[in-house]
Each structure stands twice: as C-alpha cells, then as structure tokens.
Amino acid sequence: MSFGDRLAAAFDAYGRLCVGIDPHAHLLADWGLEASAAGARAFGLRVVEAAAGRAGIVKPQVAFFERYGSAGYAALEDVVRAARDAGLLVIADAKRGDIGTSVAAYAEAWLTPGSPLEADAMTIAAFQGVGSIAEPMRLAEAAGKGLFVLAATSNPEAAVIQQAVVADGPRAGMTVARAIIEDVHAFNQEQPPHPFGTVGLVLGATVALGDYGIDTATAVAPAFPVLAPGFGHQGARVADVQRLFGSFAPGVIVSESRGLLTAGPDGLADAVARRAEEVRSSHG
C-alpha cells in the first residue's frame, strides 16, 4: 500500500492531527523524567500511548533523541517501533539533506522496510536542488513510504533563501520554494495514481505562502501531503486551515507538539482527544 493510501486511511479514521514527540529538556523535567536516553524513551512511549486510538500520526523529532548518542537512537528505535505497532503513521522529523549515495543512505535508514529506524515517512531538505533527492524519492515510492520536503518554513532566517528567485533553467523566475513545489509535483505526476502524492511538502502554518511565490489557488493532482507545523503554541489556528493553505488544504496535516505536550503525562491523552476532535470538526 502506498504512503498516500495509508495517509488517506489515517485521515478517514482519526482526522488530520499529528502529535509531535519532542522530549525537550524542560518537558522531561516537567514530566519528572531525567534528561537522558532513558528519559526520552519513557517520554516517547507515553506520547505513543496517549496518541494511539485518538490520533493517526505522530512525529518524533530525531534531534532530541540523537543528542544522547547511540543510546538515544536505541530509545528512538523503541519509540518508532511502538508507534507503528500501535497503528500510528510515523513521520521521522530528521530533515536530512545531502547528495548522491549519502542522501540515499539517509533514506535507506528511515524508509527501508525492516530497518531498525523504519518510519512511514521522513522530512528532507532539497535546497541543493530537488534532483539531489532523486534517489530518496525513488526509494520512497518503491517502499510505499513518504517524504516531506522543506519548502516554506516558519523560521524567519530561512525566508532569504526560500524567497530567492531561481536565475535560470526550467524554473527560472520562480522562488526557490515554488520551484521545489513544482519539481515535487512533477515527480508525483509520474507515479501510479495515489490519493496523495508520495512526496509532500513542509509548509509552515505561520507563513504567508503568497510571500514565497506559492500559488494556493490552483488545485493539483495527486494532492500534496502537507506537513504543517505551527499550530497551537506557535499561534496558527485549526479553523484557518482553508484560508492559510487554499488548494493545499485537503492534504494538510495539523502538526502540534508543545501545545499538547505541556498537558503532562497525566493530561496528554485527554488533550490529544480534544484536539483531534477539534481538527476533525474543523474539516467537516
């Protein structure tokens, strides 16, 4: 089954909420856990337990596990495995980016069936050109996995790159963000039909997409899966998804981390259930 098929099934069953698994040091302390691989593991497993049956997607932030070295990766393996065993779609927020065999190896780590780190999708950077991630895109399609390519992110220092205009080639005159979107769309169109494309986008919910030269008026097929961070603590409202994303709205995954995780280990399940219902109600 393709990633697009499984994403559509998750939307139908649980809605569009994606629960972040971000074991910040201050959250570990608030939860009564030590800042260690063991603490991150316990934190992650509690989030999985709270999300299972209430939301369909989780997104572990790889950096918060990686900082503990090999023990952190072992903890992350346990969390990812538990999430997938619970029927959750797992988006590994790894933001890998490179060229050639190096970026292919990153994709193999996260997207190969049976890999210790096997997830359902991963975030990836293509600011060296979408051609640089051709092999991860191919691997994702072949393995029934997904990719989310950074296109318009909410950190202000990124705007100077993402709003820059491509000087030459087939995307000349477009912003870098728009060129990435067009290249991703071209790849998805070449694949067998899926309800959502294998390769999606990361578009910040607090970003004015028009400022990045992104056309939100024209629908495309297959629809883009859109990982949209910025809801909750960062200020974006679920009720504004259609206004913010326009034609991209059908594929928007409402990603929230701190706004939910601050509910603590005892309140998280109820917070996820309430937020998931709000997201479902907002999308009809």
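Read on for an overview of the structure. Predicted model only: the values in this text are computed from it and were never measured.

1. A look at the overall build of the chain
Thought 1: Within the chain one finds 12 helices and 8 strands.
Thought 2: Against the compact-globule benchmark of 19 Å for 284 residues, the chain has a radius of gyration of 18 Å, which places it among compact chains.
Thought 3: Dimensions along the principal axes, computed over C-alpha positions, put the chain at roughly 55 × 40 × 35 Å.
Thought 4: Taken over 284 residues, the chain has a buried fraction of 53%.
Thought 5: Surface exposure of the chain reaches about 11300 Å², of which carbon and sulfur atoms provide 52%.

2. Quick notes on the packing of aromatic side chains
Thought 1: Evaluated as defined, the whole model comprises 4 aromatic pairs.
Thought 2: Consider the rings of Phe 11 and Phe 196, whose centres lie 5.5 Å apart with planes at 75°: the pair is edge-to-face. Pair noted here: Phe 11 is in helix 1 (residues 3-14) and Phe 196 is in the loop between helix 9 (176-189) and strand 6 (199-203), with a separation of 185 residues, a long-range link.
Thought 3: Arranged with centres 5.6 Å apart and planes meeting at 25°, the rings of Phe 224 and Phe 248 form a pair that is stacked. Within this pair, whereas Phe 224 is found in the loop between strand 6 and strand 7 (226-229), its partner Phe 248 is found in the loop between helix 10 (241-245) and strand 8 (252-256), the two being separated by 24 residues in sequence.
Thought 4: Judged by its relative accessible area of 7%, Phe 248 falls in the buried class.

3. What to know about the packing of helix 6 (residues 100-111) against helix 7 (residues 134-143)
Thought 1: Interhelical geometry of helix 6 versus helix 7 gives an angle of 25° and a closest axis separation of 8 Å. Classed by the angle they form, the pair helix 6 and helix 7 counts as roughly parallel. Handedness of the helix 6/helix 7 crossing: right-handed. Along the contact surface, helix 6 presents Val 103, Ala 104, Ala 107, Glu 108 and Leu 111, while helix 7 presents Glu 135, Pro 136, Leu 139, Ala 140 and Ala 143.
Thought 2: A per-class count over the contact of helix 6 with helix 7 returns 8 nonpolar, no polar and 2 charged.

4. Considering the pairing of strand 5 (residues 146-152)
Thought 1: Of all the 7 residues making up strand 5, 7 are buried; the element is thus mostly covered by neighbouring parts of the structure.
Thought 2: Taken together, the 4 bridges between strand 4 (residues 121-124) and strand 5 define a ladder with parallel strand orientation. Within the sheet, the bridge partner assigned to Thr 123 lies in strand 5 and is Phe 148.
Thought 3: Crossover connection from strand 4 via helix 7 to parallel strand 5: handedness right-handed.
Thought 4: Pairing analysis gives 5 bridges linking strand 5 to strand 6, with the strands arranged parallel. For Ala 152, the partnering residue across the bridge sits in strand 6 and is Leu 203.

5. Focus: the environment of Pro 60
Thought 1: Position of Pro 60 among the secondary structure elements: in strand 2 (residues 57-60).
Thought 2: For Pro 60, a relative accessible area of 2% corresponds to the buried category.
Thought 3: Sequence separation between Pro 60 and Ser 257 is 197 residues; the distance between their C-alpha atoms is 9.6 Å.
Thought 4: Setting aside residues no more than four positions away along its own chain, Pro 60 makes contact with Ile 21, Phe 65, Leu 76, Val 80, Val 90, Ile 91, Ala 92 and Asp 93.

6. Here's the deal with the nonpolar core
Thought 1: Ranked by internal contacts, the top residues of the largest apolar core, which has 77 residues, are Leu 203 and Phe 245.
Thought 2: Among the elements that take part in this core, helix 3 (residues 37-51) stands out by supplying 6 residues, more than any other.
Thought 3: Look past the residues within four positions of Leu 203 in its chain and what remains in contact with it is Ala 151, Ala 152, Ile 181, Leu 209, Ile 214, Val 226, Leu 227, Ala 228, Pro 229, Phe 245 and Phe 248.
Thought 4: Listed in part, the 17 residues of the second largest apolar core include Phe 3, Ala 10, Ala 121 and Phe 148.

7. Considerations on unusual backbone geometry
Thought 1: Look at the link from Ala 221 to Pro 222: it is a cis peptide, with omega at -5°.
Thought 2: Looking at where Pro 222 falls in the secondary structure, it is placed in the loop between strand 6 and strand 7.
Thought 3: A positive phi angle is found at Lys 95, which is not glycine, with a value near 50°.
Thought 4: Relative to the helices and strands, Lys 95 is located in strand 3 (residues 89-96).

8. Looking at helix 7
Thought 1: Buried within helix 7 are the following residues: Pro 136, Met 137, Leu 139, Ala 140 and Glu 141.
Thought 2: Directly beyond the C-terminal end of helix 7, a positive phi value near 70° is found at Gly 144.

9. Some remarks on the pattern of salt bridges
Thought 1: The tally for this structure, following the rule as stated, stands at 18 salt bridges.
Thought 2: Overlapping salt bridges, with partners in common, bring together Arg 6, Arg 84, Glu 118, Asp 120 and Lys 145 in one network.

10. Points about the sheet that holds strand 5
Thought 1: Strand order in the closed barrel formed by 8 strands is 1-2-3-4-5-6-7-8, with parallel pairing between adjacent strands. Within this sheet the neighbouring strands show an average axis-to-axis angle of 30°, counted without direction.
Thought 2: Seen against the sheet, helix 3 touches strand 1 (17-21) and strand 2 and runs at an angle of roughly 165° to strand 1.
Thought 3: Sitting on the sheet, helix 9 is in contact with strand 5 and strand 6, with an inclination near 160° to strand 6.

Definitions and cut-offs
The numbers attached to residues start from 1 for each chain and follow its sequence in the written order. Local features in this predicted model are restricted to residues of pLDDT 70 or higher, and side-chain atom pairs are both shown and tallied only at a pLDDT of 80 or more, whereas totals for entire chains, interfaces and linings draw on every residue. Values shown for side chains rest on all heavy atoms present in the structure; no hydrogens or waters enter the calculation. Labels follow the DSSP assignment, with helices taken as runs of H or I lasting at least four residues and strands as runs of E lasting at least two, numbered in each case from the N terminus. Our radius of gyration looks at C-alpha atoms and nothing else; its globule reference is 2.2 Å times the residue count to the power 0.38. Working definition: with a 1.4 Å probe on protein chains only, accessible area under 20% of the residue-type maximum means buried, over 50% means exposed, and in between means partly exposed. Only the protein chains shown count as cover for residues, and all accessible areas are computed by the Shrake-Rupley method using a 1.4 Å probe. Only Phe, Tyr and Trp rings take part, Trp by its six-membered ring, and two of them pair if their centres are within 6.5 Å. Stacked means planes under 30 degrees apart, edge-to-face means over 60, and tilted covers everything else. Structural elements are reduced to axes, namely lines fitted to C-alpha atoms, with helices fitted over the stretch in contact, and the angle between N-to-C directions of any two is expressed from 0 to 180 degrees. Comment on the angle field: the value is read as roughly parallel under 35 degrees, roughly antiparallel over 145, roughly perpendicular from 65 to 115, and oblique elsewhere. In this scheme the crossing of two helices becomes right-handed for a clockwise turn of the near helix relative to the far one and left-handed for an anticlockwise turn of less than a right angle. The contact criterion used is simple: two residues touch if any of their non-hydrogen atoms lie within 4.5 Å. Residues were grouped as follows: Ala, Val, Leu, Ile, Met, Phe, Trp, Tyr, Cys and Pro as nonpolar; Asp, Glu, Lys and Arg as charged; and all remaining residues, including Gly, as polar. Strand pairing follows a simple DSSP-based rule, namely that at least 2 bridges must link the two strands. Whether a crossover is right-handed depends on one test, that the path from the first strand over the helix to the second runs clockwise when the strands point away from the viewer. In these notes, a set of buried Ala, Val, Leu, Ile, Met, Phe, Trp, Tyr and Cys residues joined through side-chain atoms within 4.5 Å is what counts as a nonpolar core. In what follows, salt bridge is the name for a side-chain nitrogen of Lys or Arg lying within 4 Å of a carboxyl oxygen of Asp or Glu.

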